Amino acid sequence: IAVLPAAALLLALGNVIGANILNVLFVIGTSAAVTAGGLLVPDIYYYLHFPVLLLLFVIFRLAVSRKNKAISKLSGFVLTGVYIAYLAANYLLPR
């Protein structure tokens, strides 16, 4: 991997990420299409899982949007803290 030019490495990374997204969407779409009642999504997804996913994404993007593109210790602690709080909420909230 070290001998590849940066553009080729980015292209390969884009292919891997794109293929994973396509596979997930294809599997979910096919499952929803062949299931009689569609896929049921629990309510906890809407008030816990998805909002935490968006929060972690925003924190991560803010952390790496600086000049050096590195995550600071403070950002790491914040991300870890949000994840621990998410795990606790996921365990403690009623289903």
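Note that the structure is a prediction, hence the values are computed from the model and not measured.

Thresholds, definitions, all that
Residues numbered from 1 in each chain as written. Predicted model: local features only at pLDDT ≥ 70, side-chain atom pairs only at ≥ 80, totals over all residues. Heavy atoms only, no water. Axes fitted to C-alpha atoms, helices over the stretch in contact; angles between N-to-C directions. Helix = DSSP H or I, 4+ residues; strand = E, 2+ residues; numbered from the N terminus. Parallel < 35°, antiparallel > 145°, perpendicular 65-115°, else oblique. Contact = heavy atoms within 4.5 Å. Phe/Tyr/Trp six-rings, centres within 6.5 Å; stacked < 30°, edge-to-face > 60°. Buried < 20%, exposed > 50% of the residue type's maximum accessible area, 1.4 Å probe, protein only. Core = buried A, V, L, I, M, F, W, Y, C linked by side-chain atoms within 4.5 Å. Patch = residues over 30% accessible without salt bridge, like charges linked within 9 Å, V, L, I, M, F, W, Y side chains within 5 Å. Areas by Shrake-Rupley, 256 points an atom, 1.4 Å probe, with all protein chains shown as cover. Salt bridge = Lys/Arg side-chain N within 4 Å of Asp/Glu carboxyl O. Expected span 1.5 Å × (residues − 1). Bend = angle between axes of the 7 residues up to and from the residue. pLDDT = per-residue confidence, 0-100.

Colleague: Please set out the packing of helix α2 (residues 43–64) against helix α3 (residues 73–92) residue by residue, giving values where relevant.
Modeller: At their nearest, the axes of α2 and α3 sit 10 Å apart, and the two run at 175° to each other. By the angle between their axes, α2 is roughly antiparallel relative to α3. Residues I44, L48, H49, V52, L55, L56, I59, F60 and A63 of α2 lie in contact with α3, whose contacting residues are S75, V78, L79, V82, Y86, A89 and N90.

Colleague: Any chance you could break down the packing of aromatic side chains for me, citing the residues and the numbers?
Modeller: Summed over all chains, the structure comprises three aromatic pairs. Consider the rings of Y45 and Y46, whose centres lie 5.5 Å apart with planes at 85°: the pair is edge-to-face. Y46 gets classed as exposed once you look at its relative accessible area, which sits at 53%. Pairing Y83 with Y86 gives two aromatic rings, centres 6.3 Å apart and planes at 35°, and the pair type is tilted.

Colleague: Before we move on, can you summarise the nonpolar core with the specific residues and values?
Modeller: Of all hydrophobic cores here, the largest spans seven residues; its members are I44, L48, V52, I59, L79, V82 and Y86. Here the element with the most residues in this core is α2; it accounts for four residues. With residues up to four places along the chain from it excluded, the contact list for V52 reads V82 and Y86.

Colleague: Which residues make up a nonpolar patch on the surface, and what are the values?
Modeller: Together, V41, Y45, Y46, F50, L53 and L54 line one region of the surface with nonpolar side chains, adding up to about 570 Å² of accessible area. Within the element layout of this structure, L54 appears in helix α2. Judged by relative accessible area, which is 41%, L54 ranks as partly exposed.

Colleague: Now, about α2: what can you tell me, with residues and values included?
Modeller: Since the α-helix advances by 3.6 residues per turn, residues separated by three or four positions end up pointing in the same direction. Between the first and last C-alpha of α2 there are 32 Å, a value that for 22 residues agrees with the 32 Å anticipated at 1.5 Å per step. The largest bend in α2 comes to about 30°, at H49, with the proline P51 one to four residues further on. Taken together, the buried residues of α2 touch α3.

Colleague: Lay out the side chain of N90 in plain terms, naming residues and giving numbers.
Modeller: By the element assignment, N90 lies in helix α3. Overall, the relative accessible area of 18% leaves N90 in the buried class. For N90, the contacting residues outside a window of four places in its chain are I44, L48, H49 and R95.

Colleague: I'd like a description of the confidence of the model for the protein, backed by residues and values.
Modeller: Confidence along the protein averages 86 in pLDDT terms, with 95% of residues attaining 70 or more. By mean pLDDT, the top-scoring element of the protein is α3 (94), and the lowest-scoring one is helix α1 (residues 6–34) (84).

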